[in-house]
Amino acid sequence: MKKIAIIIPVYNEQENITRVVHVLDDVTQKNSSLSFQYIFVNDGSSDHTKETLEQLHAQKKYVHFINFSRNFGKEAALLAGLKHCEYDAAILMDGDLQHPPSLIPELITAWEEGYDQVVAKRDRQGEHFIKSLFAKSYYYLINRITSVEMKDGEGDFRLLSKRASEALLSLNEHQRFSKGLYEWIGFPKKTICYRNVIREDGETKWSFKQLINYGVDGILSFNTKPLRICFYLGLATFLLSLFYIGYTFFQIVSGGIDVPGYFTTISAVLLLGSIQLFSLGIIGEYIGRIYNETKKRPHYIVDNASLEGEQHD
Ligand code: UDP
Ligand code: MG
């Protein structure tokens, strides 16, 4: 019998976990030709997520947990889920029911048809229009800059075949931007659309600052184009300055020295200074990334788990 692992990262989701298991049971019990496991990755929650998971595991043997030693972030939690269990296909979904489990049969059907990645894509129904405007402009921008195409609404809710998840695990970078990594690995992919669902219990773990940082990560993780933009910006200002110096020199030669101009001096200082600082910042971001990668720290530390050690490299 083929095995499906449903991997669910959870961080302070005590109100949602039992409900998630019930809803998943409704879906999976209808399919007797596959064996299902639910792997909850508890990302260092400070509420009763851990105890709730232990109770559920005691009642239902197919419910498993991996407890992290602290909060390592959702990317690390997904990675741990993919590494720790055996499966023929893995389904990644959130633990707040914003990813409707009712789509799971459709994901599985497409996998059985031969697709390696089956992505559930959400629309932005019910979302504040400013947020969706920001998101749309961001995806427009990022797809002009980066080499892999990232699509609005395609997140972590997806099914990965064994070879797709193995390809994903072989990308061992520390600062992971999964949205881009899924596209980078390639393989036949099918997209299924669904209506956006509003979170009912608990709250989103994303602050505005985190969203901005996530946006910057997306741009910097996939290319070095910002460095090239700095280069062209520098080149353009250099040529402009040359032109301006030549022009002023010509004026001095033909008409004598003018009254020294405050405006031109200050604008040159400000313009050059800001371009230099901006470029230094971009270079610094890349150096920071190199520094983080060279440390080769593990992505997460497991406290305890109901599964044995790592199954995949
Ligand atoms: N999550 C996690 N670690 C974190 C933050 C979030 O494992 O540090 C989990 C969270 O419990 C949820 C999923 O990731 O199951 C998505 O988080 P959230 O609902 O806050 O994100 P949003 O839906 O607002 O994008
Ligand atoms: Mg959510």
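Residues numbered from 1 in each chain as written. Chains lettered and ligands numbered in written order. Predicted model: local features only at pLDDT ≥ 70, side-chain atom pairs only at ≥ 80, totals over all residues. Heavy atoms only, no water.

K.L.:
Give a detailed account of the overall build of the chain, specifying residues and quantitative values.
P.N.:
Helix and strand counts for the chain stand at 10 helices and eight strands. On C-alpha atoms alone, the chain measures out to a radius of gyration of 25 Å, which is more than a quarter above the 20 Å that the 2.2 N^0.38 rule sets for 313 residues. In terms of overall dimensions, the chain has a C-alpha envelope of 90 × 35 × 35 Å along the principal axes. When burial is assessed residue by residue, the chain has 42% of its 313 residues classed as buried. (Helix = DSSP H or I, 4+ residues; strand = E, 2+ residues; numbered from the N terminus. Rg over C-alpha atoms; globule rule 2.2 N^0.38 Å. Buried < 20%, exposed > 50% of the residue type's maximum accessible area, 1.4 Å probe, protein only.)

K.L.:
Let's hear about the packing of aromatic side chains: which residues, and what values?
P.N.:
Under the criterion given, the structure shown has six aromatic pairs. Aromatic side chains Phe68 and Phe72 sit 5.6 Å apart centroid to centroid with 90 degrees between the ring planes, which places their arrangement in the edge-to-face category. In this structure, Phe68 and Phe72 share a single accessibility class: buried. Ring centres 5.4 Å apart and planes at 70 degrees place the aromatic pair Tyr138 and Tyr139 in the edge-to-face group. (Phe/Tyr/Trp six-rings, centres within 6.5 Å; stacked < 30°, edge-to-face > 60°.)

K.L.:
Describe the site of ligand 1, and please don't skip the residues or the numbers.
P.N.:
In the region of ligand 1, 16 residues are neighbours, and Glu13, Asp43, Asp96, Thr204 and Lys205 sit closest. The side chain of Asp43 places a nitrogen or oxygen atom 2.6 Å from a nitrogen atom of ligand 1. Note that an oxygen atom of ligand 1 is positioned 3.1 Å from one of the side-chain N or O atoms of Asn71. When ligand 1 sits alone it has 530 Å² of accessible area, and the protein chains cover 85% of it. (Near = heavy atom within 4 Å. Polar contact = N/O pair within 3.5 Å; in protein donor to acceptor, adjacent residues only side chain to side chain. Areas by Shrake-Rupley, 256 points an atom, 1.4 Å probe, with all protein chains shown as cover.)

K.L.:
Break down helix H5 (residues 129-145) for me, with residues and values.
P.N.:
Under the 1.5 Å per step criterion, the end-to-end length of H5 is 24 Å for 17 residues, consistent within 8% with the ideal 24 Å. All of the buried residues along H5 are Ser132, Ala135, Tyr138, Tyr139, Ile142 and Ile145. Angular distribution of buried residues about the axis of H5 spans 150 degrees; they occupy a single face of the element. Residues of H5 that are exposed and angled more than 90 degrees away from the buried face: Phe129, Leu133, Lys136, Tyr140 and Arg144. (Expected span 1.5 Å × (residues − 1). Arc of directions from axis to C-beta.)

K.L.:
Give me the lowdown on the environment of His84, citing residues and values where you can.
P.N.:
Within the fold, His84 resides in helix H3 (residues 74-84). Taking the C-alpha atoms as reference, His84 lies 8.6 Å from Ile66; in sequence the two are 18 residues apart.

K.L.:
Which residues make up the UniProt feature "transmembrane region" (unreviewed entry) in the chain, and what are the values?
P.N.:
Residues annotated by UniProt as "transmembrane region" (unreviewed entry) correspond here to residues 229-250 and 262-287. Spanning residues 229-250, this segment combines 100% helix with 0% strand, and its end C-alpha atoms are found 32 Å apart. (UniProt positions renumbered as here; feature names shortened; annotations may be inferred.)

K.L.:
Tell me about the sheet that holds strand E8 (residues 302-305), and please be specific about residues and values.
P.N.:
Across the sheet, which stays open at both edges, the eight strands sit in the order E7-E5-E6-E4-E1-E2-E3-E8 with mixed pairing between neighbours. Edge positions in the open sheet fall to strand E7 (189-194) and E8, since each of these has one partner strand only. Within this sheet the neighbouring strands show an average axis-to-axis angle of 20 degrees, counted without direction. In this sheet, strand E6 (residues 154-161) lies alongside strand E5 (residues 117-122) in antiparallel orientation, the contact comprising four bridges. Within E6, the position partnered with Val119 by the bridge is Arg158. (Pairing = 2+ DSSP bridges. Axes fitted to C-alpha atoms, helices over the stretch in contact; angles between N-to-C directions.)

K.L.:
Now, about empty space enclosed by the protein: what can you tell me, with residues and values included?
P.N.:
The rolling of a water-molecule-sized probe over the atoms marks out the regions of remaining empty space. Per the stated rule, a full pass over the model turns up two cavities of 30 Å³ or more. Quantified by volume, the largest cavity comes out at close to 70 Å³. Looking at the largest cavity, the residues that line it are Glu75, Leu78, Leu79, Leu82, Leu92, Leu168, Arg176, Ser178, Leu181 and Tyr182. Only H3 and helix H7 (178-185) provide two or more residues apiece to the lining of the largest cavity. (1 Å grid on protein atoms, 1.4 Å probe; cavity = no way out; pocket = protein on both sides within 12 Å on 5 of 7 lines; lining within 4 Å. Points joined across faces, edges and corners; volume = space filled by probe spheres on them.)

K.L.:
Provide a residue-level description of the pairing of strand E4 (residues 89-92), including the pertinent values.
P.N.:
Of the two faces of E4, both are covered, the one formed by Ala89 and Ile91 as well as the one formed by Ala90 and Leu92. Here E4 runs beside E6; their pairing, made up of four bridges, is antiparallel. Residue Leu92 lies in a different strand from E6, and its bridge partner there is Arg158.

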